[in-house]
Amino acid sequence: MKYTSAEAVLPEHLLKEVQKYIQGQTLYIPNAEGSRKKWGEKSGNRTYLDLRNRQIQQQFKEGTTIDQLTEQFFLSYNSIKKIVYAKK
């Protein structure tokens with residue numbers, strides 16, 4: 001987590017108001033409601049896994065067996081089963 005000096009970002013009147021409640025301690029200010037990204041959105045992992053899962057589902061629809069998919073994608077039988085039978 002990156003720390004920023006309150007003096008650098010807050011106007012003087014607001015800094016004095018905050019100092020009434022907390023002085024010389026670390027204060028965590030969470031992101032605004034709705035601005036938080038879901039897991040994997042920032043790194044691109046979510047996009048990669050969604051694409052991989054769609055490929056698995058498509059190949060299963062085309063007749064590839066779960067056993068073949070486990071070998072191709074290096075996932076367990078149960079993981080493949082969850083992907084192909086997941087409700088959309």
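Draft legend 1. Just the packing of helix H4 (residues 66–73) against helix H5 (residues 77–84), in detail. At a minimum axis distance of 9 Å, the contact between H4 and H5 shows a crossing angle of 110°. Relative to H5, H4 is oriented roughly perpendicular. Between H4 and H5, the residues in contact are Ile-66, Asp-67, Leu-69 and Thr-70 and Tyr-77, Ile-80, Lys-81 and Val-84, respectively. Residue composition of the contact of H4 with H5, by class: five nonpolar, one polar and two charged.

Draft legend 2. Summary view of the nonpolar core. Listed in full, the seven residues of the largest apolar core are Ile-56, Ile-66, Leu-69, Phe-73, Ile-80, Ile-83 and Val-84. When contributions to this core are tallied by element, the ones reaching two or more residues are H4 and H5. Once you skip the residues sitting within four places of it in the chain, Ile-56 turns out to touch Leu-69, Phe-73, Leu-75, Ile-80, Ile-83 and Val-84.

Draft legend 3. Summary view of the pattern of salt bridges. One pass over the structure, following the stated rule, counts three salt bridges. For Lys-16, the salt bridge is made with Glu-12, and the minimal N-O distance between the two is 3.6 Å. One end of the pair is Lys-16 and the other is Glu-12, both in helix H2 (residues 12–19) and four residues apart, which spans about a single turn. Of the residues examined, Lys-16 reaches a relative accessible area of 47% and is grouped as partly exposed. Residues Arg-46 and Asp-50 are paired through a salt bridge, measuring 3.2 Å at the closest nitrogen-oxygen approach. Separated by four residues within a single helix, Arg-46 and Asp-50 lie in helix H3 (residues 45–61), roughly one turn from each other. Exposure remark for Arg-46: the relative accessible area of 32% places this residue in the partly exposed category. Classification of Asp-50 as partly exposed rests on a relative accessible area of 30%.

Draft legend 4. Highlighting the packing of aromatic side chains. Taken as a whole and assessed by the stated rule, the structure comprises one aromatic pair. Geometrically, the ring pair formed by Phe-60 and Tyr-85 is edge-to-face, given 5.7 Å between the ring centres and 80° between the ring planes. Taken together, the positions of Phe-60 in helix H3 and Tyr-85 in the segment after H5 put the pair 25 residues apart, joining distant regions of the chain. Exposure remark for Tyr-85: the relative accessible area of 53% places this residue in the exposed category.

Quick notes on the rules
- Residues numbered from 1 in each chain as written.
- Predicted model: local features only at pLDDT ≥ 70, side-chain atom pairs only at ≥ 80, totals over all residues.
- Heavy atoms only, no water.
- Axes fitted to C-alpha atoms, helices over the stretch in contact; angles between N-to-C directions.
- Helix = DSSP H or I, 4+ residues; strand = E, 2+ residues; numbered from the N terminus.
- Parallel < 35°, antiparallel > 145°, perpendicular 65-115°, else oblique.
- Contact = heavy atoms within 4.5 Å.
- Nonpolar A, V, L, I, M, F, W, Y, C, P; charged D, E, K, R; others polar.
- Core = buried A, V, L, I, M, F, W, Y, C linked by side-chain atoms within 4.5 Å.
- Buried < 20%, exposed > 50% of the residue type's maximum accessible area, 1.4 Å probe, protein only.
- Salt bridge = Lys/Arg side-chain N within 4 Å of Asp/Glu carboxyl O.
- Phe/Tyr/Trp six-rings, centres within 6.5 Å; stacked < 30°, edge-to-face > 60°.

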